[in-house]
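# Summary of structural features
Next come the chains, spelled out residue by residue.
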Amino acid sequence: MESTREITEMIVEEAKKSADHILQEAEKSAADTLKKQKLRGVQRAKEASKILLRKAENEAEFNKKNSIANSKIKAKWVILSKKETWIDNILKEVKNELKILKQSKKYLSILEKLIIEAGVTLGGKELVVLLNPQDSALPLKLGNLAKEIGEKTGFKTELNMSKEKVEVIGGALVKTADGKVIMDNTFDDILRRREKELRSEIAKILF
Amino acid sequence: MFVLLEAFKAIKEKHLEAKRIVEEATAKSEKLISEAEQKALKVYEEAYKTTLSQAEQKAIELKRKAAKDAENELAKFLSTAEDQAKGIEAKARKNFKAAVDSVLNMVLP
């Protein structure tokens, strides 16, 4: 009887050991599966992360370069706009000075020179002079001016004052009698047509 | 004879008990593994999301830093430009009359 009990206890004991082993193996396998899946997830995410980070780096670099380029442009614009403002101020001051000059005695001879210059450019002959209303009242000796133009061009020249007036700071607009060719020697037009050259000269002196 | 029969009977019973114990353990282990397999997909997704989320955060930081750097550069450029503009203004004030006179000389006959 004793040995029968020993045998039956051994059978149950062995079965329990087997059961424990089976469970241990199952737990190990389950833990292993979870660990492997976790690792797989991390691995796949790392691959995706690499692409994501590379893209982000490229985007960040591109945006940074773009912003810096824009910043340089903005900075240059600040300087350029400051220079442009000062150049504009000079041109405004020049116009003011020309208006003051018109009140001086020197202006008459300047106006005469401008008329002669325009007349010579047109090649003399029959010419018409257009002035602003104030300058029309000046004691211009058109005959003398015509003579000088004639001497310079080699053509007999006649200068007549037009009844038509021009709204300009000063200077003269001279045209051929038929009105086909016009030489605008008003201060306004001189400043306008030489603006590029003047701005460049002002910049050289100012800055 | 009776004793022997009793012994066989007892052994058989214990065999059956042993079989049941092993079968129960096997069933339990199968359940464990099956549950782990089901959980595995979730674990995979969680690990993927967590790792990717860290990378996304890093990407946001990268972009934020680049934007901040660019902002600092802008401030630096603008500050330099403003200094230069001040210099320009000082020179312009100093040379103002000379420039006006020069233009008058150029435009007047």
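Up top you'll find the structure we're talking about.
All of the points below concern the structure found in this document. In this text the structure is predicted, and so the values were computed from the model without any measurement.

### A few points about the overall build of chain A
The secondary structure content of chain A amounts to six helices and four strands. Listing each helix as α and each strand as β along chain A from the N terminus yields α-α-β-α-α-β-β-β-α-α. Taking 207 residues into account, the globule formula puts the C-alpha radius of gyration at 17 Å, and chain A, at 49 Å, lies well above it. The long-range fraction of contacts in chain A, counting pairs at least 24 apart against all pairs at least 6 apart in sequence, stands at 72%.

### Notes on the pairing of strand E3 (residues 171-176) of chain A
All names here are of chain A. Relative to E3, strand E1 (residues 126-130) runs antiparallel, the two sharing four bridges. The partner of leucine 130 across the bridge, within E3, is leucine 173. Direction of pairing for E3 relative to strand E4 (residues 182-186): antiparallel, over a ladder of five bridges. Bridge assignment links leucine 173 to a residue of E4, and that residue is aspartate 184. Between the antiparallel neighbours E3 and E4 lie five residues, among them glycine 179 with a positive phi of about 75°.

### Considerations on the sheet that holds strand E2 (residues 158-161) of chain A
In sheet architecture, strand pairing relies on hydrogen bonds along the backbone and comes in two forms, parallel and antiparallel. Residues and elements named next belong to chain A. Read from one edge to the other, the open sheet built from four strands follows the order E2-E1-E3-E4, with strand pairing classed as mixed. With partners counted over all chains shown, the strands left at the sheet margins are E2 and E4, one partner each. In this sheet, adjacent strand axes meet at a mean angle of 25° when their direction is disregarded. Pairing geometry for E1 and E2, over four bridges, is parallel. Each residue of the ladder has a partner; that of valine 129, found in E2, is methionine 161. Contacting E1, E2, E3 and E4, helix H2 (residues 106-122) crosses the sheet at an angle of about 25° to E3.

### A look at the packing of helix H6 (residues 195-206) of chain A against helix H1 (residues 2-107) of chain B
Relative orientation of the contacting elements H6(A) and H1(B) amounts to 145°, with a least axis distance of 8 Å. The hand of the H6(A)/H1(B) crossing is right-handed. Side by side, H6(A) and H1(B) meet where A:Leu198, A:Glu201, A:Ile202, A:Ile205 and A:Leu206 of the first sit next to B:Lys91, B:Ala92, B:Asn95, B:Ala98, B:Ala99, B:Ser102, B:Val103 and B:Met106 of the second. For the contact of H6(A) with H1(B), a count of residues per class yields nine nonpolar, two polar and two charged.

### Quick look at the interface of chain B and chain A
Contact with chain B, which involves 63 residues of that partner, is made by 68 residues of chain A. The residue makeup of the side of chain B that touches chain A, split by class, is 40 nonpolar, eight polar and 15 charged.

### Side note on unusual backbone geometry
Positive phi outside glycine occurs at A:Lys125, with the angle close to 70°. Within the secondary structure, A:Lys125 sits in the loop between H2 and E1.

About the thresholds
- Residues numbered from 1 in each chain as written.
- Chains lettered and ligands numbered in written order.
- Predicted model: local features only at pLDDT ≥ 70, side-chain atom pairs only at ≥ 80, totals over all residues.
- Helix = DSSP H or I, 4+ residues; strand = E, 2+ residues; numbered from the N terminus.
- Rg over C-alpha atoms; globule rule 2.2 N^0.38 Å.
- Contact = placed C-beta atoms within 7 Å.
- Pairing = 2+ DSSP bridges.
- Axes fitted to C-alpha atoms, helices over the stretch in contact; angles between N-to-C directions.
- Left-handed = near helix turned anticlockwise from the far one by under 90°.
- Nonpolar A, V, L, I, M, F, W, Y, C, P; charged D, E, K, R; others polar.

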